[in-house]
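Structural characterization, general
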Amino acid sequence: MAALEAAPRPQTRAPALPPGPAWPPAVQAALWAIRAPQLTRAAHARFGSTFTLRLGTSPPVVVTTDRDAARRLLTGDPLTKRHGNDVLRPMVRDRSVLLLDGAEHLARRRLLLPPFHGERVQAYARLMGDLVEGELDHWRPGEVVAVLPVAQDVALEVILRAVLGISDAAERARVGALVEDLVAYPTGRLRRGVRRREPRRRSGIPGRAGELAQTLATLPSPAVLTFFPEIKGRENLVARRWWTLRDRVDALLDVHIEAVRADRRLAERDDVLALLVQARDDDGRGLSTADLRDELWALIAAGHETTAATLAWATQRLAFAPEVQERAAAAVAAGDRRFVQALVREVLRLHTPVSLAAVRILDEPFEVDGHLVPAGTQIAIDGPNIHLDPELWPAPHELRPERFLGDGAPPYAWLPFGGGARRCIGAALAELEVEVALTAILRRFRLLPAAPRPEAGARRAIVLVPHAGGRVRLAAR
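Let us look at the structure shown here. Bear in mind that the values here come from a model prediction, so they are computed numbers and not experimental data.

Details of the environment of Gly176
Within the fold, Gly176 resides in helix H7 (residues 169-183). If sequence neighbours within four positions are ignored, Gly176 has contacts with Leu156 and Leu160.

Here it is in structure tokens:
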């Protein structure tokens with residue numbers, strides 16, 4: 001990535017896109033899908049804080065680490081801020097809060113927020129803790145365990161129970177299999193087969209073999225095809241199987257939603273779906289089945305993947321940082337949550353699950369880093385590279401939880417959940433779930449490296465995960 005060709009810099013103050021890599025758009029889309037961190041780091045080194053990417057046949061996107069630009073994009077009147085999430089439409093659906101704008105977006109957030117605050121969040125976290133403890137009962141000192149698939153199973157189980165309210169284990173297994181097939185397309189069925197053969201000792205695929213497998217699995221997935229709308233279309237042979245899976249998930253969710261509506265004990269239920277079915281806006285209107293289905297899918301697809309990835313990265317980092325691990329274990333033994341909470345935030349800084357903190361579409365020309373970006377342009381805040389800025393975070397690649405024990409992050413310098421009026425609704429729950437899971441693991445085990453070096457990142461759908469599944473060797477504590 002060292003040799004990036006530069007487009008000529010603009011010579012006038014007329015609105016113009018900043019320069020960026022001159023590779024063909026198809027190459028940029030593939031690099032974004034399989035090596036986004038390396039691509040953006042190389043582009044920043046060549047072009048500075050702001051550059052333009054051209055990904056496939058999608059519109060160009062300006063990428064920036066300028067914190068003043070981030071402030072202006074994330075603040076101000078939310079009714080005038082247009083999202084730039086249309087590229088995610090096939091995955092997160094049309095009526096998700098991620099794809100609503102203006103007053104409709106704010107109204108939907110008001111309906112969605114109550115289940116993700118207060119005692120309800122604590123109840124979901126307790127469920128997470130119980131499920132993690134059940135998994136840990138099967139771990140043994142000396143084993144090598146891939147944390148990612150275990151964390152995915154646990155986080156998905158939390159969503160199936162606490163969000164969808166599915167009490168029947170067989171039904172949860174059926175829904176979970178469909179979710180795996182769709183989110184991990186086209187390798188979901190293969191991964192399930194491996195898990196059935198080794199239901200507890202999920203060792204992942206180590207070394208270069210694992211990295212190659214993750215790369216090959218990414219290429220035909222939505223991570224790349226999303227940037228080629230004409231290929232991702234329902235009528236295209238390449239994407240037909242994916243759409244078939246999506247239709248099956250949608251039909252299943254529609255049936256489940258109607259069953260919850262008809263539940264005579266609906267008012268006694270505390271799962272998220274039951275609460276949303278009963279929610280009403282200021283005019284007394286509730287959410288339609290299509291609205292509920294799209295919100296549920298966004299919670300399923302994004303919620304469990306990001307939580308699982310963060311837990312896997314956390315265990316990987318601790319295995320290679322024994323001093324930090326011992327401080328965290330001591331805090332757990334003393335009942336001091338602050339250090340583990342800081343550790344979770346530090347891991348989110350180092351391994352932000354998604355490649356961009358936020359994307360907006362400009363409604364007027366926008367000044368950033370000496371460029372006047374034209375109205376109508378997509379502009380993205382590059383959170384992961386802000387998180388690695390040595391001026392903001394000394395020794396940025398080191399695991400130092402104490403950064404978050406004092407005053408916390410500088411303004412607009414820590415954005416794993418986005419920011420402003422569109423900040424992730426489930427942020428508090430995600431942090432708490434990882435804290436609870438880490439606490440349970442550190443109480444029972446010491447984590448040792450399972451390989452000579454930490455795992456590289458690979459993309460699973462839109463989330464960056466350890467390429468071999470976050471493999472660690474267990475030792476008794």
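Regarding the environment of Asp291
Looking at where Asp291 falls in the secondary structure, it is placed in helix H14 (residues 289-319). For the pair Asp291 and Arg95, spaced 196 residues apart in sequence, the C-alpha separation works out to 5.4 Å. When sequence neighbours within four positions are dropped, the list of residues in contact with Asp291 reads Arg95 and Arg108.

Structural notes on the pattern of salt bridges
Overall, the coordinates contain 30 salt bridges when judged by the stated rule. Residue Arg108 is joined to Glu295 by a salt bridge in which the shortest nitrogen-to-oxygen separation is 2.6 Å. One end of the pair, Arg108, is in helix H4 (residues 102-112); the other, Glu295, is in helix H14, and 187 residues separate them in sequence. Salt-bridge contacts for Glu398 lead to Arg400; the nearest nitrogen and oxygen are separated by 2.9 Å. The class for Glu398 is partly exposed, based on a relative accessible area of 41%. Residues joined by salt bridges that share partners form a network here, namely Arg95, Glu104, Arg108, Asp291 and Glu295.

Re the sheet that holds strand S12 (residues 471-476)
Here we have 3 strands laid out as an open sheet, ordered S4-S12-S9, and antiparallel in their pairing. Two strands close off the open sheet at either side, each with one partner strand: strand S4 (144-146) and strand S9 (445-449). Going from strand to strand, the sheet's axes swing by 45° on average, the running direction of each strand aside. As paired elements, S4 and S12 share 3 bridges and run antiparallel to each other.

As for helix H6 (residues 147-163)
Helix length check: H6 (17 residues) gives 23 Å between terminal C-alpha atoms against 24 Å at 1.5 Å per residue, within 8%. In terms of residue burial, H6 counts as a mostly covered element, since 15 of its 17 residues are buried. Gly165, located one to two residues past H6, shows a positive phi value of around 70°.

A look at the nonpolar core
In this structure, Trp139, Leu164, Trp297, Ile381 and Leu438 are the most contacted members of the largest nonpolar core, which totals 121 residues. No other element matches the 13 residues that H14 contributes to this core. Aside from chain neighbours lying at most four places away, what touches Trp139 is Val145, Val147, Val150, Ile441, Phe445 and Leu474. Leu39, Leu53, Val63 and Phe227 belong to the second-largest nonpolar core, a separate cluster that totals 16 residues.

Procedures and definitions
Residues numbered from 1 in each chain as written. Predicted model: local features only at pLDDT ≥ 70, side-chain atom pairs only at ≥ 80, totals over all residues. Heavy atoms only, no water. Helix = DSSP H or I, 4+ residues; strand = E, 2+ residues; numbered from the N terminus. Contact = heavy atoms within 4.5 Å. Salt bridge = Lys/Arg side-chain N within 4 Å of Asp/Glu carboxyl O. Buried < 20%, exposed > 50% of the residue type's maximum accessible area, 1.4 Å probe, protein only. Pairing = 2+ DSSP bridges. Axes fitted to C-alpha atoms, helices over the stretch in contact; angles between N-to-C directions. Expected span 1.5 Å × (residues − 1). Core = buried A, V, L, I, M, F, W, Y, C linked by side-chain atoms within 4.5 Å.

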